[in-house]
Amino acid sequence: MSAHPVFHPGSYTPEADEKVCDCAAEHRRIDVAGHLFPAIPPGCLGREWRVTPEADYPGKSLSSI
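Position labels on residues start from 1 in each chain and follow its written sequence. At least 70 in pLDDT is required for a residue's local features to be given in this predicted model, at least 80 for side-chain atom pairs to be given and counted, and no such filter applies to totals for whole chains, interfaces and linings, which use all residues. Note: side-chain values were computed over all heavy atoms of the structure, leaving out hydrogens and water.

Let us now look at the state of the cysteines. Note on terminology: pairs of cysteine sulfur atoms within 2.5 Å are recorded as disulfides. Within the structure shown, the criterion is met by 0 disulfides. Note on C21: no disulfide assigned, nearest cysteine sulfur contributed by C23 at a separation of 3.4 Å. Free cysteine C44: the closest other cysteine sulfur is in C23, separated by 3.6 Å. The buried label goes to any residue with under 20% of its type's maximum accessible area, the exposed label to any with over 50%, and the partly exposed label to all in between, with areas taken from a 1.4 Å probe on protein chains only. For C44, a relative accessible area of 15% gives the class buried.

In structure tokens:
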């Protein structure tokens, strides 16, 4: 089981933070709370988005990502 929750394209983002897809390339994006997760990028083998481990550090602001 993953230490970080996963989110599917089309679901709502619970909070603003950086997410990565679950493929080896780890495509990154920053999401705003309440927005819908986008589709996985074209050509990507991933199926889900997850919070980046760096986003777990308290006090880290999105401006520093």
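So, on to the sheet that holds strand β1 (residues 6-7). Being paired, for any two strands, means DSSP has found at least two bridges between them. Runs of E in the DSSP output that reach at least two residues are strands. Runs of H or I that reach at least four are helices, and both are numbered from the N terminus. Read across the sheet, 4 strands follow the order β1-β4-β2-β3 without closing on themselves; strand pairing throughout is antiparallel. Whereas interior strands pair on both sides, the edge strands pair on one side only; in this sheet they are β1 and β3 (28-31). One ladder, built from 3 bridges, connects strand β2 (residues 17-21) with strand β4 (residues 49-51); its direction is antiparallel. By the bridge assignment for β4, V20 is matched with R50.

Quick look at the packing of aromatic side chains now. Between 30 and 60 degrees the pair is tilted, below 30 it is stacked and above 60 it is edge-to-face, where a pair is any two Phe, Tyr or Trp rings, Trp via its six-membered ring, whose centres lie within 6.5 Å. Under the defined criterion, the tally for this structure stands at 1 aromatic pair. With 5.1 Å between their ring centres and 15° between their planes, F7 and F37 make a pair best called stacked. Separated by 30 residues along the polypeptide, F7 in strand β1 and F37 in the loop between β3 and β4 bring together distant segments of the chain. Take F7 and F37: they sit in the same class, and that class is buried. Consider the ring centre and the ring normal. A charge sits over the ring if Lys NZ or Arg CZ is within 6 Å of that centre and within 35 degrees of that normal. It is K19 that lies over the ring of F7; its NZ or CZ is 5.8 Å from the centre. Lying over the aromatic face of W49, R29 brings its terminal NZ or CZ to 5.8 Å of the ring centre.

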